[in-house]
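Fold and geometry: a report
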Amino acid sequence: MTETEVAPETVPWTAEQVLALATDTASERAARLLVGDSRWSDSGSAAGPGGGVVWGRIRGTAQYQVIADLTERPEYHCSCPSRKIPCKHVLALLLRWAAGKVTGSEEPGWVHDWSVRQAVRNARREAGPAKPREVNPKTVARRADRVAAGMAELDRWLVDQVAGGVANLTTAGYEPFDTLAARLVDAQARGAAGLVKRLATAAVSGDPERLVTELGLLRLLAAGYARIDELPAPLAATVASRVGLPVSREDVLATPPVADHWAVLGVRDELDEQLSSRRVWLRGCGTGRMAMILSFAGPGQALGSDFTAGTVVEADLCFYPGATPLRALVAGRAGTVENEPPADTIAGALDSWAAALAGDPWLDRWPVLLADVHPTVRLEPAVGHRNTAPTLAHLVEAGGDALPLRGEHWPLIGAAGGHPCRVMGEYGPGGLRPVSAWIGDRMVDL
Amino acid sequence: MSTWPEIVAATLVGTDRRPAEGGAATLLDLAAEHGLRRRAGVDAAHGVTLPETAPDDAARPATRAATTRLAGLLDPFTSIDGRGAETRLELVDEWLEHGRLAAGDLLPALLDLGRRHRRLRPALLAAGGERARWLAAQRADWRYLLGEADERELTEPWDLAPIGRRIGHLTALRRRDPKAGRELLMSTWNSENADDRAALLGTLDIGLATDDEELLEPALDDRRREVRGMALDLLARLPDSRYGTRMAERGRACLRPQLRRVDVRPPNQCDAAMQRDGVAARAPAGTGQRAWWLEEVLARTPLAIWGSPDELLAKQIPEEWAGVVRRGLGRAAALQCAGDWAAALVDRLWPEATAAQRPDDRLLLEALYEALPAGQRAERAAQVLRDDPGRATAAGVERLLELCPRPWPPPLADAALGAIAALIRGGASTWRLAGLVTLAGTRMPLTVADRPTAVAVELMRAAFAEDRPTDPRLGTIDQLLDVLRFRHDMNEELEQ
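Conventions adopted
Residues numbered from 1 in each chain as written. Chains lettered and ligands numbered in written order. Predicted model: local features only at pLDDT ≥ 70, side-chain atom pairs only at ≥ 80, totals over all residues. Heavy atoms only, no water. Salt bridge = Lys/Arg side-chain N within 4 Å of Asp/Glu carboxyl O. Helix = DSSP H or I, 4+ residues; strand = E, 2+ residues; numbered from the N terminus. Buried < 20%, exposed > 50% of the residue type's maximum accessible area, 1.4 Å probe, protein only. Contact = heavy atoms within 4.5 Å. Polar contact = N/O pair within 3.5 Å; in protein donor to acceptor, adjacent residues only side chain to side chain. Core = buried A, V, L, I, M, F, W, Y, C linked by side-chain atoms within 4.5 Å. Axes fitted to C-alpha atoms, helices over the stretch in contact; angles between N-to-C directions. Parallel < 35°, antiparallel > 145°, perpendicular 65-115°, else oblique. Left-handed = near helix turned anticlockwise from the far one by under 90°. Nonpolar A, V, L, I, M, F, W, Y, C, P; charged D, E, K, R; others polar. Pairing = 2+ DSSP bridges. Phe/Tyr/Trp six-rings, centres within 6.5 Å; stacked < 30°, edge-to-face > 60°. Lys NZ or Arg CZ within 6 Å of the ring centre and 35° of its normal.

Overview of the pattern of salt bridges
- One pass over the full model with this rule turns up 57 salt bridges over all chains.
- Among the salt bridges present, the one from R198(A) reaches E214(A), with a minimum N-O distance of 3.3 Å. Within this pair, whereas R198(A) is found in helix α7 (residues 190-204), its partner E214(A) is found in helix α8 (residues 208-226), the two being separated by 16 residues in sequence. An identical accessibility class is assigned to R198(A) and E214(A); each is buried.
- The salt bridge partner of E493(B) is R69(B), with a shortest N-O separation of 2.7 Å. Here E493(B) is found in helix α25 (residues 473-495), whereas its partner R69(B) is found in helix α3 (residues 64-74), with 424 residues between them in sequence. There is no split in this pair, since E493(B) and R69(B) are both buried.
- One salt-bridge network, held together by shared partners, links E86(B), E90(B), D93(B), E97(B), R119(B), R406(B) and R443(B).

Remarks on the interface of chain A and chain B
- Residue-level contacts link 65 residues of chain A with 61 residues of chain B.
- Between the two partners, chain A and chain B, sit five salt bridges.
- Linking E214(A) and R39(B) is a salt bridge whose minimum nitrogen-to-oxygen distance equals 3.0 Å.
- Counting the contacts that link chain A with chain B gives 18 residue pairs in polar contact (both at pLDDT 80 or more).

Points about the nonpolar core
- Membership of the largest hydrophobic core comes to 116 residues, with the highest contact counts inside it found for M151(A), L184(A), V92(B), W95(B) and L110(B).
- A per-element tally of this core places α8(A) first, with eight residues.
- When sequence neighbours within four positions are dropped, the list of residues in contact with M151(A) reads L184(A), A189(A), A192(A), L221(A), A222(A), Y225(A) and V243(A).
- Membership of the second largest hydrophobic core comes to 105 residues, among which are L298(B), W350(B), L364(B) and L368(B).

Remarks on the packing of helix α24 (residues 453-467) of chain B against α25(B)
Residue and element names in this part refer to chain B.
- It is the contact of α24 with α25, at a shortest axis distance of 10 Å, that shows an interaxial angle of 165°. For the element pair α24 / α25, the angle class is roughly antiparallel. α25 is crossed by α24, and the crossing has left-handed handedness. The residues of α25 that touch α24, namely those facing T453, A454, V457, E458, R461, F464 and A465, are R473, L474, I477, D478, L480, L481, L484 and R485.
- Split into classes, the residues belonging to the contact of α24 with α25 amount to nine nonpolar, one polar and five charged.

Topic: the side chain of R197(B)
All names here are of chain B.
- Structurally, the position occupied by R197 is in helix α9 (residues 194-201).
- Accessibility expressed as a relative area gives 6% for R197, which makes it buried.
- Not counting the four nearest positions on each side in its chain, R197 is found in contact with W189, E192, D222, R223, R224 and V227.

A look at the sheet that holds strand β15 (residues 442-445) of chain A
All names here are of chain A.
- The six strands lie next to each other as β12-β11-β10-β13-β14-β15, forming an open sheet whose pairing is antiparallel. The open sheet has two free edges, formed respectively by β12 (402-404) and β15, since each of these has just one partner strand. Looking at each pair of strands side by side, their axes are set apart by 45° on average, direction ignored.
- For strand β13 (residues 421-428) and strand β14 (residues 431-439), the ladder comprises seven bridges, and the chain directions are antiparallel. The partner of G425 across the bridge, within β14, is P434.

A short note on the environment of R115(B)
Residue and element names in this part refer to chain B.
- Mapped onto the secondary structure, R115 falls in helix α5 (residues 107-116).
- Each C-alpha atom of the pair R115 and N268 lies 50 Å from the other, and the pair is 153 residues apart in sequence.
- Those residues in contact with R115 that sit more than four places away from it in its chain are R121, D141 and Y144.

Overview of the packing of aromatic side chains
- Counted under the stated rule, the structure contains four aromatic pairs over all chains.
- Plain terms: the ring middles of W262(A) and F319(A) are 6.2 Å apart, the flat faces sit at 55° to each other, and that makes the pair tilted. Highlighted residues: W262(A) in strand β5 (residues 258-270) and F319(A) in strand β8 (residues 312-319), separated in sequence by 57 residues. Each member of the pair W262(A) and F319(A) is classed as buried.
- Above the face of the W142(B) ring, R139(B) is positioned so that its terminal group lies 4.1 Å from the ring centre.

Describing the packing of α8(A) against helix α1 (residues 4-13) of chain B
- Contact geometry of α8(A) with α1(B) gives a least axis separation of 10 Å together with a crossing angle of 80°. Relative to α1(B), α8(A) is oriented roughly perpendicular. Here P208(A), E209(A), V212(A), T213(A) and L215(A) of α8(A) lie close against α1(B), whose contacting residues are W4(B), V8(B), T11(B) and L12(B).
- Its residues assigned to classes, the contact of α8(A) with α1(B) shows six nonpolar, two polar and one charged.

Some words on unusual backbone geometry
- Between R406(B) and P407(B) the backbone carries a cis peptide bond, its omega angle lying at -10°.
- In this fold, P407(B) is placed in the loop between α21 (397-403) and α22 (410-425).
- A positive phi is found at Q188(A), a non-glycine position, where the angle reads about 60°.
- Here Q188(A) lies in the loop between α6 (175-186) and α7.
- The phi dihedral of C337(B) is positive, around 50°, even though this residue is not glycine.
- For C337(B), the location among the structural elements is in the loop between α16 (319-335) and α17 (339-356).

Right under this line is the structure:
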């Protein structure tokens, strides 16, 4: 989650801001249905930084007490049995507040009780990790040994596979990869484990070129980690992060920030039972730099929602160190501004992809923003490369240069209607996965 | 080893079997180097032709808020409280009916929905505009939009085309020129396989005329039961056909209207000729053999021979046969889509059906509702709901309500609100309420007698909640309120 500075004044949020808190679209829609006056009683708000405290009682299946504390550390409370935080009742309460329908200010007893309990809990929490975490050098050394051992094992495994021939990996299913990935997780090399999972996908895809490339890339990582001390610092940081060594927020925030007007190009969520992730894609209007804010949420938690797609935010970003810096944290942030990020031609976008790979060969997606491309579906099958299925959908420039599209492309085709538009997508081997498009004055989330 | 194909081949085979210089480790390094070079050096595709642009639309595009709402309705991953797939479909239909242009990115989902649900198509055609037609032309399974009758000529000979396209083509032809359609079908009839025969014969439904018996009469001797059944149903709608004449003769032998009463003489036997004409020989369990034959004969006898419905039904029918005669005539009315007969019979069958609660009666009533003239459905539904809301569900009033135009005309809306109130007060179980409430949610007009429907429902709720604050039926009313509010907001967004 990112830290953002919010001016200490009580301005009700907008409905978009409120709905961005929703853990999923289901509760978002449910909340919209609960905003009716007849359901609510006893509601009010108290001013405070960030938005203060908002409360109300709702008549659902039973009477529920709903409290949203929007100060520095937001807390949402509702007496309903839902395990989502915030639940639909909290969202509905905030929607009413956003619409100016929460007028009371007298704090009822139950709100007071709750805030007292909350204060006690916060105090206890603060007291807990008060003593600075001491880093035991022995622990660090032990960890480094384990990772090194894990990576050495990975290297041996790769060499063994190539000695025996990797043709049988294509029919072995996921099992050998899962075992190896689990060993790497044990060795605290989570990043490498993730790459092994990617290797598994390549193996079952039936594309031997992709499999061989991914094998080579894993070997490159193992070899790189073996001599990480000899590598130039940025490359060493990239290798370390791909292996899965953690970087603390403090270290990232200590790097010199990049100030710019950052355009929010799109938001992509990957929902998972255990851990959901959200990628917010940004591009600096002045620097032209691409950035990604990554946030995670466990089951029932809300994903960070500090950015609204289509807006441009004045902010300072600190990038995670690496040879191709992309992931960033927000170090400081002012309001939204009017500006427009630069967009590329297809050739320019492919150049940026090549440059990005030069710094981080393990990249599998790279954000690109294309100007004036026509989304199109070719009706006749293209004569494709050997072993690749012909791609029928493309983004094509006026001159006829084109990038293939992957994933669901029909909404983009429908949105553009054959006209040129600006498209943001994640480019990777196989083509571009569209994330958003700008049609006239409307930004379309794809 | 220096080319990419060599590296890939060597890696696949393995260095044990085909030793490589430097061994497996060097081979992997080469794989990384070459693989990465290929990945990074990927070139754009060249010479891709630009798409044809979609024509501009004249209609007004929907507002941003309305667009967001439609996107929510279309998102298969959102579950909306108390909203089944059916309600969602109704809401989408209502959105589209406003005629505001749907955003282009939502059209693919709408086209998919329209493919599965024919009733969305008229509204989709308007709300989708030129953009939807432009899209539909690019994907085979969306082409339905380009005219329900796809007038495109078949590219292959008639008898070799896939069955779906043949039906489409034949349907279009029947609409334009029924005779030509029949002749086309007859030209290959004897060489069609049984499945295709049944499917193709169904197209005669469009533009059905007495001349079609040329094909239908021989189809009565078809080997396949489905084909025979289809032919029988179609023939029963042709009173002037040879089939109609035969059945009229049988009907007159069974039912002999006198001055004040009707003589009933059920058939004594069911011979091969009768069976060929669709009279089922074996009675279902619990029904007398002769009574069954009587019902079967009447169900297939052209109603025109009895004069007007009231004329026949006013006469006295012997008690023991009265029920059978009404059922037979009822089935005939449904089969022949005779609105006047359906109206006359619904009134007479309703008390029996609701008293006995036999599923057959309920099905028959539902079939009669479908045969009612459109204008009468709402009126009758209102009447049923007013008369006896408790029994209305037993008489299949949900089916009747489904057939009523949306939004419901004021008298029906009034009656429905009254019925819901009465059912709740009367302690009806929530499942009995559910059907009515679900339909009311999506089909009720948003205002009744100058008052928002939601307000009327609120008042009803408040009055009831005062007496029974914890009653589970309150949840059912809340569902209704939720849907009404949702629609209210949606309509406001669409009108901006």
